[in-house]
Amino acid sequence: MTETVRVRPLADGDWDAVVTLERDAYTGLGLSEGRAALQSRAAASPDTCFVVDVGARTAGYALALPYPPHRYPDLTRTEADRDASEPGNLHLHDIVVAPGLRRRGLGRHLLHHLTATARARGDERISLVAVGGTERFWSARGFVAEPGVVPAGEYGGDAVYMSKPVAAARRTRDRPSLSPPAPTLREVS
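Cut-off values and rules
- Residues numbered from 1 in each chain as written.
- Predicted model: local features only at pLDDT ≥ 70, side-chain atom pairs only at ≥ 80, totals over all residues.
- Heavy atoms only, no water.
- Helix = DSSP H or I, 4+ residues; strand = E, 2+ residues; numbered from the N terminus.
- Contact = heavy atoms within 4.5 Å.
- Areas by Shrake-Rupley, 256 points an atom, 1.4 Å probe, with all protein chains shown as cover.
- Salt bridge = Lys/Arg side-chain N within 4 Å of Asp/Glu carboxyl O.
- Buried < 20%, exposed > 50% of the residue type's maximum accessible area, 1.4 Å probe, protein only.
- Polar contact = N/O pair within 3.5 Å; in protein donor to acceptor, adjacent residues only side chain to side chain.
- Pairing = 2+ DSSP bridges.
- Right-handed = clockwise from strand over helix to strand, strands pointing away.
- pLDDT = per-residue confidence, 0-100.

**Brief notes about the overall build of the protein**
Scanning the protein from N- to C-terminus turns up 4 helices and 8 strands. Order of helices (α) and strands (β) in the protein, N terminus to C terminus: β-α-α-β-β-β-α-β-α-β-β-β. Of the contacts made within the protein by residues no fewer than 6 positions apart, 72% connect residues no fewer than 24 positions apart. In the form shown here, the protein has an accessible surface area of approximately 10,500 Å², with 50% of it arising from carbon and sulfur atoms.

Right under this line is the structure:
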């Protein structure tokens, strides 16, 4: 049986699923933030936060928000006290796929959609903090560790700040769009 995969903007009705996915992914690492912090991050930049659906099920999510280079969210605070940043660096704060649906390309769908969004916004880089030993995973996707940027202890002892450039949009004869391309639909079996 195959089901349609769709990346779409995060909506108010998605929060129970997002909070459950986040809790399951990060509690074991001591990094779960809770609903209020997650919602504050999405509210800071609703146009850069997405979910991926498989059929009718929310299978994963990505929360990203503009942050100055070499900076990252404080896990002990909400975003309410922070001034918004201009485009230039889009920080991928969270990307989670449900355990039973991993290794099916859903994270890649989210990352491609986020990259297209960053390009359309005019961002030059995407940054993240690799946690739980995921530095190698992110390196394979083009992210490079940045020496001298040491994430606060709240991210765990093995946390690594990483970033990668956002490739410029390919020139076409038509005017470039300021919107990311529509999400690719494909079947997952």
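**Considerations on the pattern of salt bridges**
Pairing between side chains becomes possible if they bear opposite charge and their charged atoms approach one another. If you walk through the whole model with that rule in mind, you get 8 salt bridges. The closest approach of N and O atoms between glutamate 33 and arginine 41, which form a salt bridge, is 2.5 Å. Take glutamate 33: its relative accessible area is 15%, and that puts it in the buried class. Of the residues examined, arginine 41 reaches a relative accessible area of 0% and is grouped as buried. Between arginine 41 and glutamate 79 there is a salt bridge; the shortest N-O distance is 2.4 Å. Of this pair, arginine 41 sits in helix H2 (residues 35-44) while glutamate 79 sits in the loop between strand E3 (57-66) and strand E4 (89-97); the two residues are 38 residues apart in sequence, bridging distant segments of the chain. By relative accessible area, glutamate 79 is classed as buried at 7%. One salt-bridge network, held together by shared partners, links Arg6, Arg8, Asp14 and Asp53.

**A word on the side chain of arginine 41**
Side chain to side chain, arginine 41 and glutamate 79 meet in a polar contact 2.4 Å long. Each residue touching arginine 41, except ones within four places of it in the same chain, is listed here: Glu33, Cys49, Leu65, Pro73, Asp74, Leu75, Arg77, Thr78, Glu79 and His93.

**Considering the environment of cysteine 49**
Here cysteine 49 shows up in strand E2 (residues 49-54). Taking the C-alpha atoms as reference points, cysteine 49 and leucine 92, 43 residues apart in sequence, are found 9.3 Å from one another. For cysteine 49, the contacting residues outside a window of four places in its chain are Arg8, Pro9, Leu10, Arg41, Ala42, Ala62, Leu63 and Ala64.

**Considerations on the pairing of E4**
Most of E4 sits inside the fold, with 9 of its 9 residues counted as buried. Pairing geometry for E3 and E4, over 7 bridges, is antiparallel. For alanine 62, the partnering residue across the bridge sits in E4 and is isoleucine 95. A crossover links E4 with its parallel partner strand E5 (residues 125-130), the connecting element being helix H3 (residues 106-121), and its sense is right-handed.

**Thoughts on unusual backbone geometry**
Despite not being glycine, histidine 70 shows a phi value in the positive range, around 70°. The exposure class of histidine 70 is partly exposed, given its relative accessible area of 41%. With a phi close to 65°, arginine 103 is a non-glycine residue in the positive phi region. With respect to the secondary-structure elements, arginine 103 resides in the loop between E4 and H3.

**Topic: the confidence of the model for the protein**
Looking at the protein, the pLDDT average stands at 86 and 85% of residues meet or exceed 70. When the criterion is pLDDT under 50, residues 175-179 qualifies, and its contacts beyond four places in sequence or with other chains add up to 2 contacts.

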